[in-house]
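# A structural walkthrough
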Amino acid sequence: MKRAYHHINKHKGTYGKYIIIVGMCVTILAYLLSGGKLFDVAPKKEKVSVTSVKQKEKGVLKISTKDNKRNYKVGDTMELLVSANSDGQSVVGYDVMLSYDATKLQFKESASLDPSFNMFTFTKKGKVSLTGVKRVKPAVSTVMSENPIGKLIIKATTPGPVKVSIDFISNSLKDSNLMNGKNEDVLGGVEGVDLTVGK
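Report on the accompanying structure. No experiment lies behind these values; they were computed from the predicted model shown.

### Side note on the overall build of the chain
A tally of regular secondary structure across the chain gives two helices and eleven strands. Mapped from its N terminus to its C terminus, the chain presents α and β elements in the order α-α-β-β-β-β-β-β-β-β-β-β-β. Burial status across the chain gives 32% buried among its 199 residues. Residue pairs at least 24 apart in sequence account for 77% of intrachain contacts in the chain once pairs closer than 6 positions are excluded. Carbon and sulfur atoms make up 57% of the accessible area of the chain, which totals about 13000 Å².

Okay, here's the thing in structure tokens:
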């Protein structure tokens, strides 16, 4: 028994080499018989981005002041109008994200000016977001042509020049947008407004 064990230990390295060689031959034979598909893996599924959609880039969102007034005094309340042009397409929803200097202006309130949409307002310091969702009834076309869709009431608090802008990045849904019924963002440009607050 001891002699057999000694014989196995003596030739252990040789046996290992034989086992490796035999294993490689079996693997190669299996590869040839499988037509070269033994190591194929399933194709990866293509990931679909949810942060952007096909964009026509022709619609416009714009901010203006009532009566086009641009000069105000500290303590004045101003009315800003948000209008939209959808380039002939019917809109089912929108997001208007506005930015301003919170040290010079103070947001007071907002209101929808288009009865075809339910409008929701979200605010944080220096930011106002207006989100509109088309009402189910009445079923009317919502093609926008410089239509006023909402208004903001803002108070001037500190003198100096100040701009109210609309956040916009082309081909993104993380900012302002005008969505049609085919899930296409038709917004292609925005226009803010420059104001001056005097003492």
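Read on for the rest.
### Structural notes on the side chain of Asp 185
On the secondary structure map, Asp 185 appears in strand β10 (residues 185-191). From its side chain, Asp 185 meets the backbone nitrogen of Leu 187 in a polar contact 3.0 Å long.

### Some thoughts on a nonpolar patch on the surface
Side chains of Phe 120, Phe 122 and Val 133 sit close together on the surface and give an oily, nonpolar patch of about 290 Å² of accessible area. Using a relative accessible area of 48% as the deciding quantity, one classes Phe 122 as partly exposed.

### Some thoughts on the nonpolar core
With 32 residues, the main nonpolar core has Val 96, Leu 98, Leu 152, Val 164 and Leu 178 as its most contacted residues. When residues in this core are grouped by element, the largest group, eight residues, is from strand β3 (residues 77-99). Those residues in contact with Leu 152 that sit more than four places away from it in its chain are Met 78, Glu 79, Leu 80, Val 82, Leu 98, Phe 107, Glu 109, Ser 110, Val 128 and Leu 130.

### Focus on the side chain of Ser 176
Its location among the elements puts Ser 176 in the loop between β8 (160-166) and β9 (177-180). With relative accessibility at 0%, the residue Ser 176 sits in the buried group. Within the structure, Ser 176 has its side chain in polar contact with the backbone nitrogen of Met 97 (distance 2.9 Å). Among the polar contacts listed, one links the side chain of Ser 176 to the backbone oxygen of Asp 167, at a separation of 2.7 Å. In contact with Ser 176, not counting residues within four places along its chain, are Leu 61, Asp 95, Val 96, Met 97, Ile 166, Asp 167, Phe 168, Asp 185 and Leu 187.

### Thoughts on the environment of Thr 131
Tracing the backbone through its elements, the reader meets Thr 131 in strand β6 (residues 127-134). Take Thr 131: its relative accessible area is 19%, and that puts it in the buried class. Put simply, Thr 131 and Ser 112 are 19 residues apart on the chain and 9.9 Å apart in space, counted from C-alpha to C-alpha. Discounting residues that sit within four places of it in the chain, Thr 131 has contacts with Tyr 94, Asp 95, Asn 118, Met 119, Phe 120 and Phe 122.

Here is what the cut-offs are and how they apply
- For every chain, the first residue of the written sequence is number 1, and numbering continues from 1 onward in sequence order.
- In view of the model being predicted, local features appear only for residues whose pLDDT reaches at least 70, and side-chain atom pairs are presented and counted only at 80 or more, with totals across whole chains, interfaces and linings using the full set of residues.
- Water and hydrogen atoms were dropped before computing side-chain values, which therefore reflect all heavy atoms in the structure.
- Helix and strand definitions follow DSSP, with helices as H or I runs of at least four residues and strands as E runs of at least two, each counted in order from the N terminus.
- Buried, partly exposed and exposed residues are distinguished by accessible area as a fraction of the type maximum, computed with a 1.4 Å probe on protein chains only: under 20%, between the cut-offs, and over 50%, respectively.
- Only heavy atoms enter the contact rule, under which two residues are in contact if any of them lie within 4.5 Å.
- Only the protein chains shown count as cover for residues, and all accessible areas are computed by the Shrake-Rupley method using a 1.4 Å probe.
- For the purposes of these results, a polar contact is taken to be a pair of N or O atoms within 3.5 Å, where, inside protein, one atom must be able to donate a hydrogen and its partner to accept one; residues adjacent in sequence count only when each atom of the pair is a side-chain atom.
- Patch membership requires over 30% relative accessible area and the absence of a salt bridge. Like charges are linked within 9 Å, and nonpolar side chains (Val, Leu, Ile, Met, Phe, Trp, Tyr) within 5 Å.
- In what follows, salt bridge is the name for a side-chain nitrogen of Lys or Arg lying within 4 Å of a carboxyl oxygen of Asp or Glu.
- Throughout this description, the term nonpolar core refers to a set of buried Ala, Val, Leu, Ile, Met, Phe, Trp, Tyr and Cys residues connected via side-chain atoms within 4.5 Å.

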